Each structure stands twice: as structure tokens, then as C-alpha cells.
Amino acid sequence: MITAPAKPEPFVPVLSLRPVAVKLGRGATQAFQAEINYLEGVRYLRQPVAWRVMETGGGTITAAGLYTAPDTPGTYHVQVRRDDFPEVTALATVVVK
């Protein structure tokens, strides 16, 4: 009996974010880290993620994930999204005192 080769499992993109919650003073900074899995055999020149602050006036974040809190206290959200799988996102909450 001849058996067909096993079908490879479909790739499931994963994205995790650290930290997921942080409290900062006004103007303080926090480095966020995104961790992703990669397709087998695919190599990237840079990690394929994009960062953004969800709320207008909620601070700024660099392409490397360095967040700077605004001068206005409140609760804000940092989102990271995979460039290669844009539907895959993760969210962190930032409370600015």
C-alpha cells in the first residue's frame, strides 16, 4: 500500500506584545517588544510589524516600539500589527498619571 505524503500544517501567524499593561508618568518612555513567528524559510531584514498609538494625543511611538507618554494623564492604547498578516494585532494599555 502506498500512502500519500502528509500535508503540511497551515501556517498560523502569531503576535505577542510585552508588556501588555504599564503605568507611566507624563513624558516618560517605555520600550515595547513584539514577538512573532515566521514562515519556514522566510527571512526578513527587519521585524515586519508596525506600531501606533490608538488615541489622538495619546503619546508617540517609534518604529522600534519606544513609546513616549503625553503630558495629559489618561488611559491610552498601543497597538502593534504584523505587516505580513495585517489582520493579526496585539494591544497594550498605558495609564499615564
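Everything here concerns the structure above.
Since the model is a prediction, treat every value here as computed from it, not as a measurement. (Residues numbered from 1 in each chain as written. Predicted model: local features only at pLDDT ≥ 70, side-chain atom pairs only at ≥ 80, totals over all residues. Heavy atoms only, no water.)

Secondary structure assignment for the protein chain yields 0 helices and 9 strands. Along the protein chain, helices and strands appear, N-terminal first, in the series β-β-β-β-β-β-β-β-β. For the protein chain, whose C-alpha radius of gyration is 18 Å, the value lies well above the compact-globule estimate of 13 Å for 97 residues. Put simply, the protein chain has 97 residues, and 30% of those count as buried. Taking as baseline every contact in the protein chain between residues at least 6 positions apart, the subset at least 24 positions apart corresponds to 53%. A total accessible area of about 6500 Å² is found for the protein chain, and carbon and sulfur atoms account for 57% of it. Taking the 10 positively charged and 8 negatively charged side chains of the protein chain as two groups, their mean positions are separated by 6 Å. (Helix = DSSP H or I, 4+ residues; strand = E, 2+ residues; numbered from the N terminus. Rg over C-alpha atoms; globule rule 2.2 N^0.38 Å. Buried < 20%, exposed > 50% of the residue type's maximum accessible area, 1.4 Å probe, protein only. Contact = heavy atoms within 4.5 Å. Areas by Shrake-Rupley, 256 points an atom, 1.4 Å probe, with all protein chains shown as cover. Lys, Arg positive; Asp, Glu negative; His and termini not counted. Charge placed at Lys NZ, Arg CZ, Asp CG, Glu CD.)

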